[in-house]
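# Structure assessment
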Amino acid sequence: MTSLGGRRRTSPRCGRQVQRQIIQSTWSSLRTRTHRAVRRMGGGAKANATAHAQWAQSSGAVVRQAIVDTVKIALSDPKVKSVVICGQNGNFCGGADIKEFGGEMTGPPLIPMIHAIEAANKPMVAAIEGNALGGGLELALGCHYRIAHSKARLGLPEVTLGLLPAAGGSQRLPRLIGVPDALDLITTGRIVTAAEALRLGIVDQVTEHNTVDAAVKFALSVAGQPLDARRISTFPCPRPPDSDALFEEAMRKVRGSARGAMAPVACVQAVRAAATLPYERGMEREKELMATLFTSGQARALQYVFFAQRAVGRWSMPSGAGWDTSKPRPVNKAAVIGLGTMGRGITVALAQTGLSVVAIETQEKQLMEAKQAVTSMLERGAKRRGAAPALDRISYSRNIQAVADVDLVIEAVFEDMALKLEVFRQLSAFCKPGTLLCTNTSALDVDELARGTPNPELVVGMHFFAPAHVMKLLEVVYGKRSSPQAVATAMQLGKKMGKASVAVGNCRGFVGNRMLRLYVEQAFFLLEEGATPELVDGALEEFGFPMGVFRMSDLSGLDVGWRTRKAAGQAQPGEASGQSARIRNGSRYSPIGDLVCEQGRFGQKTGRGWYQYDKPGSRVARSDPWLHSFLEQYRARHGLVARSIDRQEVLERCLYALVNEGFRILEDGIAAGPEDIDVIYVFGYGWPGHRGGPMFYASTVGLPKVLERLEHYHQAHPDVPDLQPCGLLRRLVASGSPPVHRWREVIKKLHSQL
């Protein structure tokens, strides 16, 4: 018997002198130390060869070398009839070590290694447990057969890193499963379950039992059979009769959704090469396309986002407590208070995580509607995942006393401080001691809510984004008296829900909405000065946002912001004229949004907003002559002269104002580092990932340029104090504009001096 990694298995067919080779390939175990060993056993003789891969830049290279060497041994040994390739610790392979991307690749290249496996004259079987992603799946596609555990996940997510599958994945997958399905997986980076992989034809068998044992049994059953029909690179690529139209539509769809991202476009081109060129020429095209992406700024930005997601998991609080010193409490049962849109989504997210959930809504009609909506969402999600819906995990109640035995409560009632304070008062009375009280508020003061409870250390914010069961972002807001354990528990729960959870301090709007206010405010000012909603939205969408300011406002409802401004005393009824009507607390204010709302124009739900729609609820925005006429009348009434505004000014005014507030947030200690802000904006606010987040974008533009343009606009608009460059930005420029990953050093020094 032959094995690698010290894993010895005995086959019932060993008596027939049928042997197997198990190669453990885990070159993507990024944070572990891995051991590779080859043990050849037969006739009492034993020879050992060991490759020891330390966690370092070369870890991928060492493992690739171990695979090459061991395959060579297995293929040259006449006693070995079949080969099974498996992973270590229940994980097949999550792909190449991304940290190798920044330096020179060492060790054997991946493509020749996979070609050698495919060309082998003995059956090569991949035993897929855990993840087979990126280069891991490309390795599996080089094998002649693939056996997967039912809980395995497979995919080619390179596009999310600004790349494409460049070890033959873009050429083999279309040959195996057809062009349409390959386009879907490669251009989106979508990861599929084992059940879907079997349906698509990516794997040959799915097992509920020990995957390696199943693969060994399968490998023995095909030993000695011809392999020509199992080498995917030799397959003709199935080409639909309307393939030209198919690729044109795919390119149109990708360009529309990618909004300037290069990688999805290159993925379509690579799959087209698979469909139209011989395999060898297709591989050349794949290599050419990868070369254009590999060193691109977009790839660097997306890889920054990848590592930023890890960085935000290493959270800390001003007290010094953090992820490595704070132990979360176990949460087995949770409650959600308020079953509006957000409450329903949160309920679904919790149930899909495996928790028991008590969903509470005091109004009978809303409770019944919510129950129906939650059931529908769970059933749709289960169908996509190929699993049973978690309906039995949820109980519904109109009585808040049903929270008596839960470990954590998430309040999701209407955004009104008095109402939330009353809910927290009741929760404090009915919850068992130690229950964490979380609020889903998007902007209200977490400390004020905590003061209304006898145990303020148990109160934290959990700001979900709609739809809560889909959107990846979760802002975990700690107040002055929130305990590190409470923060750790909320962060851990977010992680279990698959969220990008970011711990932030308490202030009006926290991080995301505090910055958003400046972005929207500049868009309003641009309308006053001569821009149109179409111009502003067009510039932002060309930059890469899925929607501009005004289209997004129409979608979410203009009345949402109007209600907030009224609560803050900014929106005033009626329309005054003159400069005083456009001043609040000594600073410039635009009442345009308030005046539009007074006309009953709330966006898509009323069929009129910044744009017009065919009917209420329609999503197709059309330019509205009424709105343009309204803007002209507004300017005339206030003595404003429209001027020509170009798209560059739109971007600079909106984006640099947002970035400047980001620097203030870092200066105030509300966010610990630029990665926190960038993760929040990429995963919660539609910032294009291929631009890396607002703070990363500022570093690529150049901090001196951002500073210079902010100074220019502040001089032009002295009544907008938020355009005055932040002190931290000035300090960073004075420090030589260090790269974004070194900003924390400057921030830490700044805070130590305060």
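Quick caveat: nothing in here was measured; it's all calculated off a predicted structure.

With that settled, the discussion passes to the UniProt feature "domain: 3-hydroxyacyl-CoA dehydrogenase NAD binding" (unreviewed entry) in the protein. The sites that UniProt annotates as "domain: 3-hydroxyacyl-CoA dehydrogenase NAD binding" (unreviewed entry) are residues 333–506. In residues 333–506, helix accounts for 39% and strand for 23%; the two terminal C-alpha atoms are 26 Å from one another.

Turning to its location among the elements, glycine 282 is positioned in helix H10 (residues 279–294). Sequence separation between glycine 282 and alanine 311 is 29 residues; the distance between their C-alpha atoms is 38 Å. For glycine 282, the contacting residues outside a window of four places in its chain are Gln171, Ala273 and Leu277.

The next thing to look at is the packing of helix H12 (residues 341–353) against helix H13 (residues 364–385). Following both chains from N to C, one finds H12 and H13 inclined at 45°, their axes separated by 10 Å at the closest point. Relative to H13, the element H12 lies oblique. Helix-helix and strand crossings are classified by hand; for H12 and H13 the assignment is right-handed. Across from Arg344, Gly345, Thr347, Val348, Ala351 and Gln352 in H12, the residues of H13 making contact are Gln366, Glu369, Ala370, Ala373, Val374, Met377, Leu378, Gly381 and Arg385. Looking at the contact of H12 with H13 residue by residue, the classes come out as seven nonpolar, five polar and three charged.

Before going further, it helps to spend a moment on the domain arrangement of the protein. Examined at the domain level, the protein breaks down into domain 1 (8–294), domain 2 (333–508), domain 3 (531–637) and domain 4 (648–753). A straight line from the C-alpha centre of domain 2 to that of domain 3 covers 32 Å.

Per the counting criterion, the structure on display carries 40 salt bridges. When the shortest N-O distance is used, the salt bridge between arginine 514 and aspartate 668 registers 2.8 Å. Taken as a pair, arginine 514 in helix H17 (residues 512–529) and aspartate 668 in helix H23 (residues 647–668) lie far apart in primary sequence, 154 residues in all. Residue classification places aspartate 668 among the partly exposed residues on the basis of a relative accessible area of 48%. Several salt bridges converge on common partners, so that one network encompasses Glu528, Glu529, Arg582, Arg588, Arg643, Glu649 and Arg653.

On to the UniProt feature "domain: 3-hydroxyacyl-CoA dehydrogenase C-terminal" (unreviewed entry) in the protein, then. The positions that UniProt labels "domain: 3-hydroxyacyl-CoA dehydrogenase C-terminal" (unreviewed entry) are, in the present scheme, residues 509–613 and 650–737. Secondary structure across residues 650–737 divides into 68% helix and 0% strand, with the first and last C-alpha atoms of the span separated by 25 Å.

What follows covers the pairing of strand S18 (residues 473–478). Burial runs high along S18: six of the six residues are buried. Of the two faces of S18, the one lined by Leu473, Glu475 and Val477 and the one lined by Leu474, Val476 and Tyr478 are each fully buried. Sheet topology note: the strand S17 (residues 459–464)/S18 ladder contains five bridges and is antiparallel. Paired with methionine 462 across the strands is valine 476, a residue of S18. Where S18 and strand S19 (residues 500–505) come together, six bridges link them in parallel fashion. The residue of S19 that forms the bridge with leucine 474 is serine 501.

Analysis parameters
- Residues numbered from 1 in each chain as written.
- Predicted model: local features only at pLDDT ≥ 70, side-chain atom pairs only at ≥ 80, totals over all residues.
- Heavy atoms only, no water.
- UniProt positions renumbered as here; feature names shortened; annotations may be inferred.
- Helix = DSSP H or I, 4+ residues; strand = E, 2+ residues; numbered from the N terminus.
- Contact = heavy atoms within 4.5 Å.
- Axes fitted to C-alpha atoms, helices over the stretch in contact; angles between N-to-C directions.
- Parallel < 35°, antiparallel > 145°, perpendicular 65-115°, else oblique.
- Left-handed = near helix turned anticlockwise from the far one by under 90°.
- Nonpolar A, V, L, I, M, F, W, Y, C, P; charged D, E, K, R; others polar.
- Domains from an automatic or database assignment.
- Salt bridge = Lys/Arg side-chain N within 4 Å of Asp/Glu carboxyl O.
- Buried < 20%, exposed > 50% of the residue type's maximum accessible area, 1.4 Å probe, protein only.
- Pairing = 2+ DSSP bridges.

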